[in-house]
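# A closer look at the structure
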Amino acid sequence: MRSLPLALSAAALAVALFPVGPAQAAALPAVQLVKIYYNSPGSPDSGANSSLNGEYAQIKNTTRKAVSLKGWTLRDKTKAADHVYTFGTFTLGAGKTVTVRTGKGKDTATTRYWGRSGGTFAYIWNQSADTAYVRNPSGKLIDSCSYNSSRVDSINCS
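Residue numbers restart at each chain and count upward from 1, following the sequence in its written direction. Only residues with pLDDT of at least 70 are given local features in this predicted model, and only at 80 or more are side-chain atom pairs given and counted; all residues enter the totals for whole chains, interfaces and linings. Side-chain calculation: all heavy atoms of the structure are included, whereas hydrogens and water are not.

Turning our attention to the pattern of salt bridges. Proximity of charged atoms lets side chains of opposite charge pair with each other. Salt bridges are identified by distance alone: a Lys or Arg side-chain nitrogen within 4 Å of an Asp or Glu carboxyl oxygen. Within this structure, the stated rule accounts for two salt bridges. In this structure, the salt-bridge partner of arginine 116 is aspartate 82, at a minimum N-O distance of 3.3 Å. Of this pair, arginine 116 sits in the loop between strand E8 (111–113) and strand E9 (129–135) while aspartate 82 sits in the loop between strand E4 (73–75) and strand E5 (84–86); the two residues are 34 residues apart in sequence, bridging distant segments of the chain. Under the scheme applied here, a residue whose accessible area is under 20% of the maximum for its type counts as buried, over 50% as exposed, and between as partly exposed, the area being computed with a 1.4 Å probe on protein chains only. For arginine 116, a relative accessible area of 9% puts it in the buried group. The class of aspartate 82 is partly exposed, set by a relative accessible area of 44%. Ionic pairing is found between aspartate 107 and arginine 112, a salt bridge with its closest N-O pair at 3.8 Å. Comment: elements are numbered from the N terminus, with helices defined as DSSP H or I runs of at least four residues and strands as E runs of at least two.

This is how it looks when you write it as structure tokens:
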């Protein structure tokens, strides 16, 4: 009979030290990279706008509240200043995803445009390996996603 209280105490200690359940969900960032399409159809080419817009990154709001992305940045691994997309006034709805396309176009609630042009050097995402970074306005890294393959066109980050 003495082993029963000891076993119950051990079980309680195990639950306290190793919680199970929603704690892992809390580790997800509120704003998360979900996909990078880095090898757009037709590339490499002359950097036509349709091909540039075939290259994109998708960012999702994983929360139940809208998040203002004003001042947030999306960038690749290079240190080039023109490889940084900065969100202007933009709110990403609860559970919604925004696609940031490399080329030019009219911004909407679900699609933003980097506004790049100028031939093959206008592409942001390398076709074989790169890393995307999302930072909040104070520069804190919120999420990143890396890929290292030229055998596929995109990577699902989440």
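Next comes the rest of the account.
Here, nonpolar core means buried Ala, Val, Leu, Ile, Met, Phe, Trp, Tyr and Cys residues that are tied together by side-chain atoms lying within 4.5 Å of each other. Ranked by size, the top nonpolar core spans 23 residues in total, and within it Leu33, Ile36, Ile59, Leu69, Leu74, Phe87 and Trp125 carry the most contacts. Of all the secondary-structure elements, those providing two or more residues to this core are strand E1 (31–37), strand E2 (56–61), strand E7 (97–101), E9 and strand E10 (141–148). Among the elements that make up this core, the one with the highest residue count is E1 (three residues). Leucine 69 has contacts with Val31, Phe87, Gly88, Phe90 and Leu92, leaving out every residue within four places of it along the chain. Any pair of residues with heavy atoms lying within 4.5 Å of one another is described as a contacting pair.

Turning to the packing of aromatic side chains, a few remarks are in order. Here is the rule: rings of Phe, Tyr and Trp (six-membered ring for Trp) pair when centre to centre is within 6.5 Å. Planes less than 30 degrees apart are stacked, more than 60 are edge-to-face, and the remainder are tilted. Throughout the structure, instances matching the rule amount to six aromatic pairs. Measuring from centroid to centroid gives 6.3 Å for tryptophan 114 and tryptophan 125, while their planes differ by 85°, and the two rings are edge-to-face. Of the two residues, tryptophan 114 sits in the loop between E8 and E9 while tryptophan 125 sits in the loop between E8 and E9, which places them 11 residues apart along the sequence. Under the relative-accessibility criterion, tryptophan 114 is labelled buried at 11%. Tryptophan 125 gets classed as buried once you look at its relative accessible area, which sits at 2%. Here the aromatic residues Tyr85, Phe87, Phe90, Trp114 and Trp125 are joined through ring pairs into a cluster of three or more.

The strand order across the open sheet formed by four strands is E5-E4-E9-E10, and the pairing between neighbours is antiparallel. Strands with a single pairing partner mark the edges of an open sheet, and in this sheet they are E5 and E10. Each strand axis lies, on average, 10° off the axis of its neighbour in the sheet, ignoring direction. Direction of pairing for E4 relative to E5: antiparallel, over a ladder of three bridges. Residue pairing in the sheet places arginine 75 in a bridge with valine 84 of E5. When DSSP locates at least two bridges between a pair of strands, those strands are taken to pair. Fitted lines through C-alpha atoms give the axes, limited to the stretch in contact for helices. The angle between two N-to-C directions lies from 0 to 180 degrees.

Turning next to the state of the cysteines. Count a disulfide wherever a pair of cysteine sulfur atoms falls within 2.5 Å. Scanning the model with the defined rule gives one disulfide in all. One disulfide in the model links cysteine 145 with cysteine 157; its S-S distance is 2.1 Å. With the S-S bond torsion at -85°, the cross-link from cysteine 145 to cysteine 157 turns out left-handed. With cysteine 145 in strand E10 and cysteine 157 in the segment after strand E11 (154–156), this pair connects stretches of sequence that are 12 residues apart. By relative accessible area, cysteine 145 is classed as buried at 7%.

Quick look at the side chain of arginine 116 now. For this analysis, a polar contact is any N or O atom pair within 3.5 Å, provided that within protein one partner can donate a hydrogen and the other can accept it, and provided that sequence-adjacent residues contribute only side-chain to side-chain pairs. Separated by 2.8 Å, the side chain of arginine 116 and the backbone oxygen of aspartate 82 make a polar contact. Apart from the residues lying within four places of it in its own chain, the contact partners of arginine 116 are Asn49, Leu52, Asp82, His83, Thr102, Gly103, Lys104, Phe121, Ala122, Tyr123 and Ile124.

The next thing to look at is the sheet that holds E8. Taken in spatial order, the five strands of this open sheet run E8-E7-E2-E1-E11, and their pairing is mixed. Of all strands in the sheet, those bounded by a partner on one side alone are E8 and E11. This sheet shows a mean twist of 25° between the axes of neighbouring strands, independent of strand direction.

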